Amino acid sequence: MRLILVLGDQLTDTIAALREGDPAKDVVVMAEVADEAAYVPHHPKKIAFCFAAMRHFAEELRADGWTVDYAKLTDGLKSVPEALVAASERHGTTEIIATRPGEWRLIGALEGLPLSVMLLEDDRFVASHAEFDAWAEGRKELRMEYFYREMRRKNGFLMDGDKPEGGKWNFDHNNRKSAPASVDFSGPMKFHPDDATEEVLELVQDRFGDNFGELRPFWFAVTRADARRALAHFISGGLEKFGDFQDAMMAEERFLWHSVLSMYLNAGLLDPIEICEAAETAYRDGAAPINAVEGFIRQIIGWREYMRGIYFREGPDYVQRNSLDHRRKLPAFFWTGETGMRCVAKAVEQTRDEAYAHHIQRLMVTGNFALLAGIDPFEVHEWYLAVYADAYEWVEAPNVIGMSQFADGGIVGSKPYVSSGNYIDRMSDYCSDCEYSVKTKVGDGACPFNLLYWEFLNRHRTRFEKNPRMAQMYRTWDRMDEGKRARILEEAGTFLETL
Ligand code: FAD
Ligand code: DLZ
Ligand code: SF4
């Protein structure tokens, strides 16, 4: 008899450890534990989703004939290792089968156990570690686009023989429409909590009710069957315009045409291949255009897989990187939303309510602000890890430390994702109601993004002026009247002091 560990983001009935086990002999161990619920102050919706999905999954395993030893949070276990040691004593076995966790912290903890642990590769991904590393080996730059093309070829998604469907690998230039007047998609499918989920909601309210984030209304799917309904709902209603408005942001439309499937995918309720197949079928059936479907598939077999590859290739110290030596504390308004910057206030507000913000809100509003203001990237990382329902370190860290904060020195991005208020104004409806003026570059009411943008470029001049993708910005800065430049730097400095 052996123990099979299933973690809160391993809720897939074909996961490696379950495939290795035998329902007739082995016992599945699942545990809600204090340490996992508290390594960052997770959003209550994230904890509730995790526990409710774990409990439902345990029931499904039992129905499939498995014996499941399930510990609830109220059983008082501190950590995953403690849960395994206790289960090992209870069942009289020291043999553990586990699927490799998605975080170095937990991998280290399992490897340090005084038990015999068989750690199996997590193969719920399109690319294995070996495949990613082989692709990365010897390359000067690890550009996602080239990795993505290999994944397209390997999996045959949107291929026309050996050519990309539609004659191009990437249709992103079609995908930059600004915010529309209205949204004709109802957003993600929402579900009513059943009794088992209600029990979790009460527990989470009791134990984590003071964490940042609204627990209710709780509308996430917590089973694979419901997650599949959410997928079908998106494919039939959202995918068609996903591409067009992928980068748009609206104050009162939190989801636009985004899929809002990442939490299900990352927890194991959905599989990346099944999602991409559903999207490709919609394209082949004429229900969604190529720019939407290519863009969507690229996010999943491209960006998501690439981020995972980077996290595991770069190693446990990745989250500590700080190539720009940013040291400022995270401003309180990341937790309160109390700022006159409407774009930031709205992004924080919806994050608090939904444990969700879409990519451009994460990258070009909160991420952009943190980078421009020189916030310590580790603090930024901990914030993102805590507040989003889809956040697990393997995917969150390369997005935050790499893509968003440039703290890895340019592994993920060839230039920092910074912008002035102009970009936000072009892509959103935030600015019209803001107490700052996006058109004002300096002086009374100037949008802080406008000031901080130039201050950032000036501060990091030696680092970035030779970057061909940034040279134009430095030329614009240099052409500016000297007095104006001095005022911008002075006002930016004053603003930064208020943070
Ligand atoms: P859609 O816009 O509908 O995209 C479809 C799917 O593509 C997503 O469900 C997701 O699985 C995948 N995807 C898209 N972009 C990325 C990306 N950059 N990296 C990985 N997968 C991607 N994603 C997470 O899953 N967890 C995180 O903790 C996370 N943190 C982020 C932090 C920052 C600073 C940034 C800029 C991005 C982060 N992302 C993260 C990526 C992306 O923002 C989310 O995957 C996406 O917003 C989830 O919403 P959705 O399901 O509606 O995605
Ligand atoms: C996110 C999370 C939370 C909140 N709680 C638990 C838990 O109590 N038990 C568990 O097995 N997993 C939990 N998880 C998911 C883990 O944090 C996740 O498996 C690791 O971070 C590795 O990705
Ligand atoms: Fe954000 Fe500036 Fe626009 Fe206000 S004016 S919403 S701070 S970009």
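Residues numbered from 1 in each chain as written. Chains lettered and ligands numbered in written order. Predicted model: local features only at pLDDT ≥ 70, side-chain atom pairs only at ≥ 80, totals over all residues. Heavy atoms only, no water.

S.K.: Describe helix H22 (residues 471–479), naming the residues involved and giving the relevant values.
M.R.: Among the residues of H22, those classed as buried are Met-473, Tyr-474 and Trp-477. Here the buried residues of H22 occupy an arc of 100° about the axis, which is enough to place them on one side. Each element contacted by the buried residues of H22 is listed here: helix H20 (448–459), helix H21 (461–464) and helix H23 (482–497). (Buried < 20%, exposed > 50% of the residue type's maximum accessible area, 1.4 Å probe, protein only. Helix = DSSP H or I, 4+ residues; strand = E, 2+ residues; numbered from the N terminus. Arc of directions from axis to C-beta. Contact = heavy atoms within 4.5 Å.)

S.K.: Tell me what's going on with the layout of surface pockets, and back it up with residues and numbers.
M.R.: Estimated volume of the second largest pocket: approximately 290 Å³. Around the second largest pocket, the lining is made up of 26 residues, and of these Thr-12, Asp-122, Arg-124, Gly-268 and Leu-270 lie nearest the centre. Only helix H11 (262–267), helix H12 (272–284) and helix H13 (290–314) provide two or more residues apiece to the lining of the second largest pocket. Broken down by element, the lining of the second largest pocket gets its largest block of residues, three residues, from H13. Per-class residue counts for the lining of the second largest pocket are eight nonpolar, seven polar and eleven charged. In this structure, the lining of the second largest pocket is formed jointly by two domains, domain 1 (3–120) and domain 2 (129–187 + 238–314), each of which donates at least three residues. (1 Å grid on protein atoms, 1.4 Å probe; cavity = no way out; pocket = protein on both sides within 12 Å on 5 of 7 lines; lining within 4 Å. Points joined across faces, edges and corners; volume = space filled by probe spheres on them. Nonpolar A, V, L, I, M, F, W, Y, C, P; charged D, E, K, R; others polar. Domains from an automatic or database assignment.)

S.K.: Got a sec to walk through the site of ligand 2? Specific residues and values, please.
M.R.: As a structural note, the neighbourhood of ligand 2 is formed by 18 residues, with Asp-9, Ala-31, Val-33, Glu-36 and Glu-103 the closest of them. Val-33 is positioned with one of its backbone polar atoms (N or O) 2.9 Å from an oxygen atom of ligand 2. Note that an oxygen atom of ligand 2 is positioned 3.3 Å from one of the side-chain N or O atoms of Tyr-39. If ligand 2 stood free it would expose 490 Å²; the protein chains cover 100% of that surface. Its atoms largely coinciding with the cavity grid, ligand 2 occupies the largest cavity. Here the element with the most residues in the shell around ligand 2 is helix H3 (residues 44–63); it accounts for three residues. Here the shell around ligand 2 is composed, by residue class, of ten nonpolar, three polar and five charged. (Near = heavy atom within 4 Å. Polar contact = N/O pair within 3.5 Å; in protein donor to acceptor, adjacent residues only side chain to side chain. Areas by Shrake-Rupley, 256 points an atom, 1.4 Å probe, with all protein chains shown as cover. Sits in = over half its atoms within 2 Å of the grid points.)

None of the figures reported here should be taken as evidence of function without further support.
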